[in-house]
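Take a look at the letters that make up each chain.
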Amino acid sequence: IGLIGFVACFEGRIDWLLFQGVLFVLLEVTVISAVTIFFSSLVVTTTLTGIFALGTYISGRSISYFRYYLEGEQTSSAIIKQIVKILDWIVPDLTVFNISNQLVYGSAASFQQFAFAAGYAACYSICALALAVLIFERRELL
């Protein structure tokens with residue numbers, strides 16, 4: 001909201017595309033929050049939870065680059081390709097929520113793009129929170 005107000009002061013108008021960016025960022029934060037709750041039910045210390053959440057964020061932003069690199073690379077080992085394929089299924093693909101380049105050039109996100117991102121965020125968050133509930137139910141609290 002601060003960014004939208006700041007841009008409105010300088011441009012003299014409200015840039016409605018920024019609201020789309022905020023929606024996509026909120027979807028991304030939803031996924032990262034669900035993953036953080038999952039890790040907090042799994043490990044004991046908050047430091048490890050933060051490290052795992054940060055690692056998930058970095059790997060989620062980078063998994064598409066790994067995929068792109070390995071598709072064009074013919075000399076990569078089969079083990080590395082399998083590891084990236086497994087990580088592609090486990091780690092959330094946060095590039096789904098990154099529409100910054102699109103918004104910078106003045107192009108709005110399509111409804112299909114938003115629906116896919118919202119569905120992806122909902123499904124991933126539900127799965128992460130369901131796993132967190134299962135783990136937390138089995139935990140002994142002293």
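In case you missed it, the structure is sitting above this.
Computed from a prediction, not measured in an experiment: that's the story for all the values here.

The next point concerns helix α6 (residues 111-137). Helix length check: α6, at 27 residues, gives a terminal C-alpha distance of 38 Å against a target of 39 Å (1.5 Å per residue), a fit within 8%. Where α6 is concerned, the buried positions are Ala 117, Ala 121, Tyr 124, Ser 125, Ala 128 and Ala 132.

Scanning the entire structure with this criterion turns up eight aromatic pairs. Ring geometry for Phe 38 versus Phe 39: centroids 5.3 Å apart, planes at 55 degrees, classification tilted. With a relative accessible area of 18%, Phe 38 lands in the buried category. Judged by relative accessible area, which is 15%, Phe 39 ranks as buried. Ring geometry for Tyr 120 against Tyr 124: centres 6.2 Å apart, planes inclined by 25 degrees, an arrangement best described as stacked. Of this pair, Tyr 120 and Tyr 124 both sit in helix α6, four residues apart, roughly one helical turn.

Parameters at a glance
Residues numbered from 1 in each chain as written. Predicted model: local features only at pLDDT ≥ 70, side-chain atom pairs only at ≥ 80, totals over all residues. Heavy atoms only, no water. Helix = DSSP H or I, 4+ residues; strand = E, 2+ residues; numbered from the N terminus. Expected span 1.5 Å × (residues − 1). Buried < 20%, exposed > 50% of the residue type's maximum accessible area, 1.4 Å probe, protein only. Phe/Tyr/Trp six-rings, centres within 6.5 Å; stacked < 30°, edge-to-face > 60°.

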